[in-house]
Amino acid sequence: MENSQTEAARILDHRRRRLIDTFIEGRAENFLESHARLIDAYFIEGCAASPAAARLAETAPFARVALGGYGRKEQCIHSDVDLLILFADEFPPEAEALVREVVYPLWDVGLYVGHHIRSLTEELIIPADGVSVLTALLDARFIHGSERLFSQFAHRFRREVIAPNPRAQMAWLIDTNWDRHDRFGDSSYLLEPNLKEGEGGLRDYHTLLWAAKIDSAIASPKDLPALGLISQEEHEALREALDLIFKVRNHLHHLAGRKHDQLRFAHQEKMAAILGYEGERNGQQPVERFLGRLHQRMSVIKELHRVFIHEMESRHREAGRNGRSETGRPDIEVRRGMLHFASPEAVLRAPALMMHIFDESARLRMPLSAEAKRLIRHMLPFADERFRRDPAVIAAFERILTAPVYEFNALDEMMGTGLLIRFIPQFDAIHHRIQYDEYHLYPVDKHVLKTVRVLKRFGDPDSEHANEMRAALYADLGQNRRLLLWGALLHDVGKGEPGGRHSEKGARITAEILANKGFPPGDIDRIRALVEEHLLIAKTATRRDIHDEETAVFCARRIGDETQLKMLYLLTVADSISTGPKAFNSWTLSLMRGLYYNVLSSLRHGELATREAEARVAEKRAVLEDRATEDPAARRALDFFDHMSPRYRLYTEPAEMIAHAPLVDRLGNDAFVWDIRRHADMNTRIMTVCARNRRGLFSRIAGTLTLNGVDILNAQIYTWKNNLAVDVFHLSPPPDPLFENERWDKAAADLNLALSDRLDLAAELRERLAASAGQAPPGGRKPPRAVVDNDTSGHYT
């Protein structure tokens, strides 16, 4: 009989493979349910052919019950199969034989089956950490056997587990839900979304179902609109979102060859091709359009889940407190801790209420109810041109824009309902627009809203991104904070138009938006300039020598005044933080901060003349002369002073000159000498190399460091008049801090070989790059591009 069970498993495996092939070819209807039904059929037929099942049917009737995703008929290609075998009394020894005969063959064909054996005589106790047990039982579905037994079990579960304290079960479910969001992040934002566990993923949908089962004992998702828990329109949007996410998840399982829910970069372009995205459109690659659609669908689930759970949370945790509270407006009410419109007719009479309710949300730190959000979506056509120009609406929006950030961020909620796009129609072009590169972690609209949020937190001492400098600058701006936040909101609006130069396009669009809303010309000019120049500080700091006097002068001329500089610096930092770690780290921050102070000095004191530069050099010579009598290193630095290059004397402080002098004495006949020390403020290293100048010296040093896994963050290259090179490198630390000295020793040996032409750096680096080719981030496949700029600087290309 074992052979018949094995044969049944093989037949199931054959049917599954055929069904999966049909799905991959795009011809499978209702794949999830069809897949679950195939497994149902196996359990029904398998038990019919099982000797153990036949014996049990006579002595101890039992029921086969599907749990979890299998119970919901959401059986993806590599989903687990969770099975409950339910007996009336204590399960007999024959039950183990049943498992061997029916369950074990499924493992042999690659299915992972989690089986549980329980009896109705057992006490239904959910362990303290058993949310997964609770939710699995909430999804229980009868497959075959004693239907009466299953009905008794379902009734007991409802009576003994749920009914005694649904508020506690709901609170437990909701608390676990928020913990999950903290662990997995917001997948409707992230470029590598977790399709199951992340916010906006399938688990949000499941949590919504479980909450409805606890609260209203629904039997299936179709009951959600039937019982008025969500609208029919929301149910349709939910169904469309689930169709796409389940389709992507199944293809991801197939591509990975296993259960896999994180949509990694390595699979995204393949997935876009599988789903039929081809060719560039509106300046977007196929993968960007695919990810934009996926994010949009995940945002539907996120928004629906968030409103639904808040409704359930409020209903169960504030039971008995059903009174209405007044707000600052007669047509907006507070019920159970959420904002409601007094009536749909009130919104019809005064569409401005749609903005005012978000104003109240920001003021009271309170979310909108599901009914209020549904009404706003229904009334969006009334947010027309007159609405957009209404001074009261604009004033309410500016209060929202400048309000402190709390758990319920009114701007995010406005985007979720579509009202923000109605108020600023140009946002539609950046809504769910993906930037598929190694820098940006979020779609454009999410990045913009995050930038606004980060900026506002600069004034909060408890914020992870606040520090004394940013807090002081933010406070100094006073009323200009409003202009800064408008600039942050609109800084990437130009990305909605295809092609490059989004800053220039954004500046033009910004001017049009603000003029349409009646802004005075002076305010328009400041905000437009913020948008046009929002990349200036970051690009200049990371691509130019910030110690070069001309760099500060160049930036000062474009920025204009101190107030604009403060706003632009804060916007740059917030923009970089909101882009991701490739754009914001201790190195980029130090460069941007250094450039800020240099530009500030230039704005306050004017452009430095050659005479003033000569005075600074003379001051440094005087410092060395003062120290030379007591410090031999200062004496040597003074000896070398006339040999130093003009640029070195201008930008190197006396203390550094004194530190570099011993290196010159140590050089002797060696190919090079170097000194490596830890940076005083950051986990980085400062390396000073002294060598006789020769062709290719800098490239060989740089190549050696790269070969040894050390990143060059910045480099100052100086060649003295006596043909000595003194190069100062700002470096990342070696990968393994425990063996840092050994890594520097190896790098020194490699540089000696490279300088003596005994190491082919080019070949070694090619081999290293080939080994890491499979690790390229998104955008890494694009060919490098070099742009020669002869205009920005008057002295250098």
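The notes below deal with the structure included here. Keep in mind that this is a model prediction, so the values were computed, not measured.

Within the protein, the secondary structure is distributed over 37 helices and eleven strands. With the principal axes as the frame, the protein shows a C-alpha extent of 105 × 70 × 50 Å. For the protein, the accessible surface area stands at approximately 37000 Å², while carbon and sulfur atoms represent 49% of it. Taking the average place of the 107 positive charges on the side chains of the protein and the average place of its 116 negative ones, the gap between the two points comes to 2 Å.

All right, on to the packing of aromatic side chains then. One pass over the full model with this rule turns up 17 aromatic pairs. Each ring, one from Phe142 and one from Phe150, has its centre 5.8 Å from the other, and the planes form 40 degrees; the classification is tilted. Assessed through its relative accessible area of 14%, Phe150 is described here as buried. Ring geometry for Phe397 versus Trp486: centroids 5.4 Å apart, planes at 55 degrees, classification tilted. Here the residue Phe397 occupies a position in helix α19 (residues 391-402), and Trp486 occupies one in helix α24 (residues 481-490), the gap between them amounting to 89 residues. By relative accessible area, Phe397 is classed as buried at 0%.

Moving on: the sheet that holds strand β4 (residues 141-145). Strand pairing in a sheet takes place through backbone hydrogen bonds and is either antiparallel or parallel in direction. With mixed pairing, the four strands of this open sheet are ordered in space as β3-β2-β1-β4. At either margin of the open sheet sits one strand with a lone partner, and together these are β3 (113-119) and β4. Here the average twist between neighbouring strands, direction ignored, is 25 degrees. Bridge count for strand β1 (residues 62-67) against β4 is four bridges, and the pairing is antiparallel. Each bridged residue has a counterpart across the sheet, and for Ala63 the counterpart in β4 is Gly145. In this fold helix α8 (residues 147-162) packs onto β1, β2 (81-87) and β4, with an angle of close to 100 degrees to the strand it touches most, β2.

With that settled, consider the packing of helix α7 (residues 131-138) against helix α9 (residues 166-184). For the pair α7 and α9, interaxial distance at closest approach is 11 Å and the crossing angle is 115 degrees. The orientation of α7 with respect to α9, classified from their angle, is roughly perpendicular. The hand of the α7/α9 crossing is left-handed. Each of Val131, Leu134 and Thr135 in α7 lies in contact with α9, whose residues at this interface are Gln169, Trp172, Leu173 and Thr176. Classifying every residue of the contact of α7 with α9 by side-chain character gives four nonpolar, three polar and no charged.

Another point: helix α36 (residues 740-755). With 16 residues, α36 ought to run about 22 Å at 1.5 Å a step, and its terminal C-alpha atoms sit 23 Å apart, in line with that. Looking only at α36, the buried set comprises Glu740, Trp744, Ala747, Ala748, Asp750, Leu751, Ala754 and Leu755. End-on view of α36: buried residues confined to an arc of 165 degrees, all on one side of the axis. For α36, the exposed residues set more than 90 degrees away from the buried face come down to Asn741 and Asp745. Trailing α36 by a residue or two, Asp757 shows a phi angle of about 60 degrees, which is positive.

Turning our attention to the pattern of salt bridges. Going through the model one piece at a time under the given rule, you end up with 54 salt bridges. Across the pair Arg374 and Glu234 runs a salt bridge whose closest N-O atoms are separated by 2.7 Å. Within this pair, whereas Arg374 is found in helix α17 (residues 370-379), its partner Glu234 is found in helix α12 (residues 232-256), the two being separated by 140 residues in sequence. Residue class for Glu234 comes out buried when judged on its relative accessible area of 13%. When salt bridges that share partners are traced, they join Glu199, Glu234, Glu303, Arg306, Lys373, Arg374, Arg377 and Glu413 into one network.

Scanning the entire structure with this criterion turns up two cavities of 30 Å³ or more. Of the voids in this model, the second largest cavity is the one considered here, and its volume is about 40 Å³. Forming the boundary of the second largest cavity are Phe43, Cys47, Arg64, Leu83, Ile85, Leu98, Val102 and Val103. At the level of elements, α2 (31-48), β2 and α5 (94-102) are the ones that each hand at least two residues to the lining of the second largest cavity. Looking at the lining of the second largest cavity residue by residue, the classes come out as seven nonpolar, no polar and one charged.

As a further point, take the side chain of Glu197. Structurally, Glu197 is set in the loop between α9 and α10 (202-216). Note on Glu197: relative accessible area 17%, which makes it buried. Not counting residues within four places of it along the chain, the set of residues in contact with Glu197 comprises Arg180, Phe184 and Arg203.

A few words on the pairing of strand β9 (residues 685-692). Burial within β9 is extensive, with seven of its eight residues counted as buried. Pairing of strand β8 (residues 672-678) with β9 involves seven bridges; the strand directions are antiparallel. Its bridge partner lying in β9, Trp674 is registered against Val689. With eight bridges connecting them, β9 and strand β11 (residues 724-731) associate as antiparallel partners. Note on β11: the bridge partner recorded for Arg692 is Leu724.

The rules behind each value
- Residues numbered from 1 in each chain as written.
- Predicted model: local features only at pLDDT ≥ 70, side-chain atom pairs only at ≥ 80, totals over all residues.
- Heavy atoms only, no water.
- Helix = DSSP H or I, 4+ residues; strand = E, 2+ residues; numbered from the N terminus.
- Areas by Shrake-Rupley, 256 points an atom, 1.4 Å probe, with all protein chains shown as cover.
- Lys, Arg positive; Asp, Glu negative; His and termini not counted.
- Charge placed at Lys NZ, Arg CZ, Asp CG, Glu CD.
- Phe/Tyr/Trp six-rings, centres within 6.5 Å; stacked < 30°, edge-to-face > 60°.
- Buried < 20%, exposed > 50% of the residue type's maximum accessible area, 1.4 Å probe, protein only.
- Pairing = 2+ DSSP bridges.
- Axes fitted to C-alpha atoms, helices over the stretch in contact; angles between N-to-C directions.
- Contact = heavy atoms within 4.5 Å.
- Parallel < 35°, antiparallel > 145°, perpendicular 65-115°, else oblique.
- Left-handed = near helix turned anticlockwise from the far one by under 90°.
- Nonpolar A, V, L, I, M, F, W, Y, C, P; charged D, E, K, R; others polar.
- Expected span 1.5 Å × (residues − 1).
- Arc of directions from axis to C-beta.
- Salt bridge = Lys/Arg side-chain N within 4 Å of Asp/Glu carboxyl O.
- 1 Å grid on protein atoms, 1.4 Å probe; cavity = no way out; pocket = protein on both sides within 12 Å on 5 of 7 lines; lining within 4 Å.
- Points joined across faces, edges and corners; volume = space filled by probe spheres on them.

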